[in-house]
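One-letter residues, chain by chain:
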Amino acid sequence: MRHVRWEPAAGRVRHFFDDDLVCASVGVHPRLLRGIEPFPTAELKPYDAGYVAGWVVERYQIDLVAAAQRARDAMDAKLQAMCAQQVPGDTQRNLAVSADYSGQTFKHVSRPGVAAVLPLRPQRVPVRDERRDRRDRRRIPKSPWKIAFLVLALFIAVVIAMSLAGGR
């Protein structure tokens, strides 16, 4: 038989959040972006238009206020989990966390990555960080039937071209 004894608990937890990134794109699912984390924010460079010359670049679609609210929600969830770990026992109820944020700063960061939708097969390819994933090249899905059909079509085209050239 399980016995529960509730005891009040109170305390403080101090935590420093540094460089918590918020995706400002609505076109990329956040789960796909989690696959290329952590992003090395210590290696950030000042913006230069030459970095993106010749590339299609998506401009941020979430303003600073909305991004700050997303970041605050994520930090609140982390603080809630951290406080729950600090409370003795394996069950808590009425856990109230009151966060006090200070010294907040914001940066706009252009994050390199590649997203693609394949034309022959509508399957999303995971977002990759080209700079960091060069050794981990994911293969594009290939259909054996489509490859066989393509080889057969090329063979027929070559045979027709040779027969037309030999008939002259």
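Report on the accompanying structure. (Residues numbered from 1 in each chain as written. Predicted model: local features only at pLDDT ≥ 70, side-chain atom pairs only at ≥ 80, totals over all residues. Heavy atoms only, no water.)

Focus: the overall build of the protein chain
When you go through the protein chain residue by residue, the secondary structure sums to 3 helices and 2 strands. Scanning the protein chain from its N terminus toward the C terminus, one meets helices and strands in the order α-α-β-β-α. By residue count, 12% of the 168 residues in the protein chain fall in the buried class. At a minimum sequence separation of 6, the contacts of the protein chain that also span at least 24 residues come to 60%. (Helix = DSSP H or I, 4+ residues; strand = E, 2+ residues; numbered from the N terminus. Buried < 20%, exposed > 50% of the residue type's maximum accessible area, 1.4 Å probe, protein only. Contact = heavy atoms within 4.5 Å.)

Brief notes about a nonpolar patch on the surface
On the surface, Leu 152, Phe 155, Ile 156, Val 159, Ile 160 and Leu 164 cluster together into a nonpolar patch covering about 590 Å² of accessible area. Within the element layout of this structure, Leu 164 appears in helix H3 (residues 144-166). Since its relative accessible area comes to 58%, Leu 164 is described here as exposed. (Patch = residues over 30% accessible without salt bridge, like charges linked within 9 Å, V, L, I, M, F, W, Y side chains within 5 Å. Areas by Shrake-Rupley, 256 points an atom, 1.4 Å probe, with all protein chains shown as cover. Salt bridge = Lys/Arg side-chain N within 4 Å of Asp/Glu carboxyl O.)

Comments concerning the pattern of salt bridges
Tallied over the entire structure, the rule returns 2 salt bridges. One salt bridge connects Asp 19 with Lys 107, and the closest N-O pair in it is separated by 3.1 Å. Of this pair, Asp 19 sits in the segment before helix H1 (30-34) while Lys 107 sits in the loop between helix H2 (64-86) and strand E1 (114-117); the two residues are 88 residues apart in sequence, bridging distant segments of the chain. Here Asp 19 falls in the partly exposed class, since its relative accessible area comes to 30%. The shortest N-O distance in the salt bridge between Lys 78 and Asp 20 comes to 3.8 Å. Taken together, the residues span a long stretch of sequence, with Lys 78 in helix H2 and Asp 20 in the segment before H1 at a distance of 58 residues. Classification of Asp 20 as partly exposed rests on a relative accessible area of 34%.

Quick notes on the environment of Cys 83
Examined against the element boundaries, Cys 83 turns out to sit in helix H2. Given the relative accessible area of 17%, Cys 83 is considered buried. Between the C-alpha atom of Cys 83 and that of Ala 96, which follows or precedes it by 13 residues, the distance is 9.1 Å. When near neighbours in sequence (up to four residues on either side) are disregarded, Cys 83 contacts Val 13, Leu 95 and Val 97.

Re the side chain of Thr 41
Mapping Thr 41 onto the fold places it in the loop between H1 and H2. The exposure class of Thr 41 is buried, given its relative accessible area of 19%. Engagement of the side chain of Thr 41 in a polar contact is seen with the side chain of Asp 19, the distance being 2.8 Å. Every residue in contact with Thr 41, bar those within four places of it in the chain, is listed here: Asp 19 and Leu 21. (Polar contact = N/O pair within 3.5 Å; in protein donor to acceptor, adjacent residues only side chain to side chain.)

Topic: H2
The terminal C-alpha atoms of H2, which comprises 23 residues, lie 33 Å apart, in line with the 33 Å expected from a rise of 1.5 Å per residue. Burial in H2 covers these residues: Ala 67, Ala 71, Met 75, Leu 79 and Cys 83. (Expected span 1.5 Å × (residues − 1).)

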